[in-house]
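Commentary on secondary and tertiary structure
Now for the letters of each chain:
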Amino acid sequence: FPQEFRGLVEAAGFEVTEQVETTPVYELIRYFKATRLGIGKTKLTRTYYNLLNILFGKNRFLSRAPNASYELYETQFILAKKR
């Protein structure tokens, strides 16, 4: 969780200046597994996500889960400086 990651960095003696969460886990699950309908060897969900990005510049992996009380992320970055 983002707040736990931040706490670990701060407990190690760093001051967090920026924190970015990207690639929500629910989007990865939807991208790779959710839709079993196929177009050739490409899953329908994967085709939809890729077309959204190519045609409209919308990246679903940078969005938040709708109505989520918490968010799990595959990737998080923290920019910090030593105190």
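1. Here's the deal with the overall build of the chain
In terms of helices and strands, the chain carries three helices and four strands. Listing the helices and strands of the chain from first to last along the sequence gives α-β-α-β-β-α-β. For the chain, buried positions account for 20% of its 83 residues. Restricting to contacts in the chain with at least 6 residues of sequence separation, those with at least 24 account for 71%. When the accessible surface of the chain is split by element, carbon and sulfur atoms take 57% of a total near 6,300 Å².

2. Some words on the packing of aromatic side chains
Using the criterion set out here, one finds zero aromatic pairs in the structure. Here the guanidinium or amino end of Lys82 rests over the ring plane of Phe14, the centre of that ring lying 4.9 Å away.

3. Quick notes on the environment of Lys82
With respect to the helices, strands and loops of the structure, Lys82 is situated in strand S4 (residues 73-82). We classify Lys82 as exposed; its relative accessible area is 56%. In this structure, the C-alpha to C-alpha distance between Lys82 and Phe14, residues 68 residues apart in sequence, is 4.5 Å.

Rules and cut-offs
Residues numbered from 1 in each chain as written. Predicted model: local features only at pLDDT ≥ 70, side-chain atom pairs only at ≥ 80, totals over all residues. Heavy atoms only, no water. Helix = DSSP H or I, 4+ residues; strand = E, 2+ residues; numbered from the N terminus. Buried < 20%, exposed > 50% of the residue type's maximum accessible area, 1.4 Å probe, protein only. Contact = heavy atoms within 4.5 Å. Areas by Shrake-Rupley, 256 points an atom, 1.4 Å probe, with all protein chains shown as cover. Phe/Tyr/Trp six-rings, centres within 6.5 Å; stacked < 30°, edge-to-face > 60°. Lys NZ or Arg CZ within 6 Å of the ring centre and 35° of its normal.

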